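Chain by chain, the residues run as shown.
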Amino acid sequence: MTLMFATCLLSVISVPTVFALMARMSVQPPATSADTVCKESDTVCSVRLVVEHKLTMILEKEQALIYPQNGRLTASTNTSTYLTLEQEKRVITADGYRSILVIAINGQFPGPRIEAYVDQTINMTIVNKLHTDSITVHLHGIHQKGTPWMDGVAYITQCPVLPGQTFNQVFEAFPPGTNMYHAHIGDQRSMGLYGAFIVYPRKTPEVIGLNQIVILLQDWNHLMDPETAYNRMLTQQFDFNTGKVINTTYSVDRAKFSRFEFQSGLINGQGRHWVDASTNNGSPLPRFQISSGVTYRFRIIGAMTLYPMRVSIEGQTFKIRGSDAFDIERTMVQSLVIHPGERYDFIWQGPSNTSQKQYMLVAETIETPESLNNNKYHAAEAILEMVDVTGPVNLNPSKAAPPNCNIINCTVLNCPYQFYPINSKTTCLTFNDLLNNDPIRETDKIIGNKVDNEYFFNFGFPGQNGNTPGSVNAREFIFPSVPMLTQSDEISTLCDEEQCRREWMCACTYTQKIPSDKLIQMVFTNIGNGAGWSHPIHLHGHSFYVMKMGLGTYNPDKGDLIAQNQDIICTDGREFCSTMRWRDSSWDYGNVTGMNEDPPQKDTIVVPTGGYVVVRFISDNPGMWFLHCHIDLHNTNGMGMVIDEGYTKPTTPIGFPVCRNFEFKALPTTSMATRFRFGAENIIALGLVSIWFTMQF
């Protein structure tokens, strides 16, 4: 069928009401012509995303190399003549370190913002203008109910979009809240293939006129493209000035971070490169305008490749509103830890009766100072400018002062551990401490001491003799060569479970079948000899209720992990934890003690090293749903699997693209013409002569 649609770009918006205008104009950063801002009255919200490579620190039209200086940009290192504001807007800065290649969407880095309304039909056209790379785009947080083939995961739900090709994704915007879109093939998110996707509820007074600030966080390495980053993780990373190995770092519990050196933090594609703890390169920071006494809703999106980041506002506290598009009970904190794939909304009121011209919003990694040799500052930063306080803005301010926990309540939300060192006077909150406050929650369907089906999944790097790939239940995930959802009868890489048990570990396309319309309980674990890293686990196609987080045992003085949680026993004999069970068998099938009676909803949850998380959901969305660590490097290394939900899937649209391997076996002949004829006939039979990705619904 053919859908009629309307393009909703800011430059052509004709707003029928003052209220709608208020809703549009209250969002920072202000929308540009690259963004898509749809009206509530639109039946279809049309989006076009053109993906291409761009260079940082270049003025394209003028063909000029640009340099950072004192929070501004200049065309020469020896001048104080800065670019005009119009010119600055045309420069992709990243962290201002040289001129490097990034992925831009509609000319922006990161990609443009999409604003839509719940249950609107989104008609998204993806255009791949990269010369060598295939792409797919996943709508992170969107359930894709009834449209599982639009989930955007290469070789799980669709074929990759090849260079020069176009793909249409048509789906409904649900649930409402702070979501994002990002690449889902390889590690392209690390180069900028991501953006904000905000879905508003309808006719909600709180949305109208609410001041919003959208922040996308990224941990930036300006020396490594995705393939280089992946191979450095497998081998080693070096300081090429000294030839020395760059040591990996760790958090307060001694959970390790993989080999992806943090060089700069970015907020909405901008940040400073800190050479050491006291010196930066003066690259421009993002700025947001704040009025005294006015309340702002911050939408924080964790697009990081690897590092969790602790978000705070200098000298302030704020009130947590929600996570992963669902509201939670309002909680006042000094800071929150956001992991890759998570999103958080918080409320903050601009200080009244202040003479301070600006505040710093900081997202600092949770690496410990000693693991950084006490000489690094790993943070993303933004300037909050008080517009009703007179005086100039310092565009290249000193780094924010650490919180004074003797004055303010230093409560940190979402720690992947139990304690900070006792002398820090800091309190950790986990999702055990939070309650659900979402208007569309259905907790009555999942509460109780009985579930229909229970599954254990262990995420880690188990193995021996140096062979320790990422895995789930000791199965290193191998992507098939055709999409599992739409070409399931052609999959040749599924796991041989007998072989996996016999060899302790295996590399295969790991899947778990679950029935439809059942109460499902999954236990995500991070235990055994493959533990040591914390993992943010993301489930496609669903939001789940976080019933319980089981933590290990920690040193109450120093905060480091001293023993793994003992509630679960690994039964495979080698502590690879390919099979597990509750230590107390009375906990089987839902009778777990200590569960939350009003559990919050999420789609991404950190599983701390040495611990576990119990989640529940109703299996009411048939499809092939990827379940994986949202650290791209871990996912690419095999830490993922597919939840095969329901025995009957929605019918794939007629004409949906197919793809296959380009290999065939030529029969032994004496004639090249005969061999070519055989090959051509097979290619035609396989449907590879014409793969046309553009679809019209």
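Here is a short report on the structure shown in this document. Predicted model, so just to flag it, every value in this text is computed and none were measured. (Residues numbered from 1 in each chain as written. Predicted model: local features only at pLDDT ≥ 70, side-chain atom pairs only at ≥ 80, totals over all residues. Heavy atoms only, no water.)

Remarks on the overall build of the chain
- In terms of regular secondary structure, the chain is built from six helices and 45 strands.
- Relative to its length of 697 residues, the chain is compact, with a C-alpha radius of gyration of 25 Å against a globular reference of 26 Å.
- Each principal axis of the C-alpha atoms in the chain carries an extent, and together these give about 80 × 60 × 60 Å.
- By the burial criterion, 59% of the 697 residues in the chain qualify as buried. (Helix = DSSP H or I, 4+ residues; strand = E, 2+ residues; numbered from the N terminus. Rg over C-alpha atoms; globule rule 2.2 N^0.38 Å. Buried < 20%, exposed > 50% of the residue type's maximum accessible area, 1.4 Å probe, protein only.)

Some remarks on the sheet that holds strand E18 (residues 287-290)
- The seven strands are arranged E18-E26-E25-E20-E23-E27-E28 in an open sheet whose pairing can be described as mixed. Here the strands that pair on one side only, and so sit at the sheet edges, are E18 and strand E28 (427-429). If you compare each strand with its neighbour and ignore which way they point, the axes differ by 25° on average.
- As paired strands, E18 and strand E26 (residues 379-386) are joined by four bridges and run parallel to one another. Counterpart to Gln289 in the pairing with E26 is Glu385. (Pairing = 2+ DSSP bridges. Axes fitted to C-alpha atoms, helices over the stretch in contact; angles between N-to-C directions.)

What about the state of the cysteines?
- All chains considered together, the criterion is met by seven disulfides.
- Each disulfide pairs two cysteine sulfurs, and for Cys405 the partner residue is Cys410, the sulfurs being separated by 2.0 Å. Looking down the S-S bond of the Cys405 and Cys410 bridge, the torsion is -90°, so its handedness is left-handed.
- Between Cys495 and Cys508 runs a disulfide, and the two sulfur atoms are separated by 1.9 Å. Every disulfide takes its handedness from the sign of the S-S torsion; for Cys495 and Cys508 that torsion is 80°, giving right-handed. (Disulfide = S-S within 2.5 Å.)

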